[in-house]
Amino acid sequence: MAKPELLSPAGDLERLRMALAYGADAVYLAGDAYGMRAFAGNFDREGLAHAVALAHGQGVRVHVTCNTLARNEEVAALPVYLEYLDSIGVDAVIAAGVDVLNLCQRYAPHVQVHMSTQTGITNYEMVRMWHELGPSRAILARELSLDEVAEICARAPRGMAVEAFVHGAMCVSVSGRCLLSNYMTGRDANRGACAQPCRYQYALMEEKRPGEYFPVFEEGGETFILNSRDMCMIDHIPELLAAGLHSLKIEGRAKSAYYTGMVTAAYRHAIDAAAQGLPLDPVWRDEVDKVSHRHYSTGFYFGQPGQYTDSARYVRDWQVLAVITSCDPDGNATLSLRNKFSAGDTVEVVGPDVAAFPLTAPMMTDEEGQPLAEPRHPQMIFHMKLSRQVPPLSILRACRPNS
């Protein structure tokens, strides 16, 4: 089967580096405006140019999001912004409307246009229509079944790529068309500032009895009535490849660098294995369970995903202890601390194309070479002997449930 593009999120420079190190074919990111994740780190103009150069230096494509619903003052500034994206060699702009499409065609003629999932592309006629208007890719709505996706891919015009989400958070509203955040908090979900009120715990209050709250229960006593599960299609990559998708997309520009690296690694190995007709090594399958996530489902690919109504808490069983910045052939590593741990603790090391392996943390040394039993200060640089050499941006972690 043809191998699709693996498209990973890059919310800031650290997450971009992780996506590149752990196997992304392409990344999507945002400038400091027009992106649907206003609270990710994002990139200023200089940062965008650096990101493109860094990614292109490793043969990775860069897609920049322009998928918010722009207001007058924002759309007035778009031509200059798009000209800049064109000048630095951005590969594609992700657009949510004909306004951005039209401006891209005029001011960024060397940049492809991909129509965002925000446009609600749910059938092959919509794909054909967008193709006639000029975009080179349709990013499908998350609400489609696998059979519908396969039919769309089969009927897509030649030269029109089809992309779909395969992992990450799902919005409780159809294609993200929600005003709940605007109404309750004043933060516009369609301009990148969603407060996720669908995750809140709700109660009923009667007008004449202020302060008396009556719980709103599901059948089993659950109260998180709008809480959607996360999507995880790691076990169904062969079916996705057979459907004919050109790009498999991981949600998560606001997630951690650790999430970016581990989920990218898991899907990199899953795609490569499926393309060769091989099963996925369980050690890489396990990685999607070792990142922070809500309870998983397969989205709408095989029917209704259902809600998880017991709580809105993340499953968070593993904690990053340190990031390895260098390591020689003898396993002498330099690390940057993220969370406290001590010599004698049971830890794991995982890295770019390095399956997780256990380690009992040995005595360490600080930057001056003094013995160190417990590095304590965030970002502290220290040295540790590993059992083997691992590449930069490998992770030292520990199982710490609910950390």
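Just above, that's the structure.
Analysis parameters
Residues numbered from 1 in each chain as written. Predicted model: local features only at pLDDT ≥ 70, side-chain atom pairs only at ≥ 80, totals over all residues. Heavy atoms only, no water. Helix = DSSP H or I, 4+ residues; strand = E, 2+ residues; numbered from the N terminus. Pairing = 2+ DSSP bridges. Contact = heavy atoms within 4.5 Å. Axes fitted to C-alpha atoms, helices over the stretch in contact; angles between N-to-C directions. Buried < 20%, exposed > 50% of the residue type's maximum accessible area, 1.4 Å probe, protein only. Phe/Tyr/Trp six-rings, centres within 6.5 Å; stacked < 30°, edge-to-face > 60°. Lys NZ or Arg CZ within 6 Å of the ring centre and 35° of its normal. Salt bridge = Lys/Arg side-chain N within 4 Å of Asp/Glu carboxyl O.

**Overview of unusual backbone geometry**
Here the phi dihedral of Asp-353 falls at roughly 60°; this positive angle occurs in a residue that is not glycine. Even without being a glycine, Gln-379 presents a positive backbone phi close to 70°. The topology assignment puts Gln-379 in the loop between strand E18 (371-372) and strand E19 (381-385).

**Regarding the sheet that holds strand E15 (residues 346-351)**
Spatially, E16-E15-E20-E13-E14-E19-E17-E18 is the arrangement adopted by the eight strands of the open sheet, whose pairing is antiparallel. The outermost strands of the open sheet, each flanked by one partner alone, are strand E16 (354-360) and E18. Sheet topology places strand E14 (residues 332-337) next to E19; five bridges connect them, and they run antiparallel. The residue of E19 that forms the bridge with Asn-332 is Lys-385. Docked against the sheet, helix H9 (residues 257-275) engages strand E13 (318-327), E15 and strand E20 (394-399), running at close to 100° with respect to E20.

**A few points about helix H4 (residues 98-107)**
Of the residues making up H4, those classed as buried are Val-100, Leu-101, Leu-103 and Cys-104. Elements in contact with the buried residues of H4: strand E3 (61-66), helix H3 (72-87), strand E4 (92-95), strand E5 (112-115) and helix H5 (124-133).

**Things to note about the packing of aromatic side chains**
Tallied over the full model, the rule gives one aromatic pair. In this structure, Arg-45 is placed above the aromatic ring of Tyr-84, and the distance from its NZ or CZ to the ring centre is 5.4 Å.

**Details of the pattern of salt bridges**
In this structure the tally under the stated criterion is 18 salt bridges. When the shortest N-O distance is used, the salt bridge between Glu-5 and Arg-61 registers 2.9 Å. In this pair, Glu-5 sits in strand E1 (residues 5-9) while Arg-61 sits in strand E3, placing the two residues 56 residues apart along the sequence. Classification of Arg-61 as partly exposed rests on a relative accessible area of 36%. Arg-137 is paired through a salt bridge with Glu-5; the nearest N and O atoms lie 2.8 Å apart. Highlighted residues: Arg-137 in strand E6 (residues 137-139) and Glu-5 in strand E1, separated in sequence by 132 residues. The exposure class of Arg-137 is buried, given its relative accessible area of 8%.

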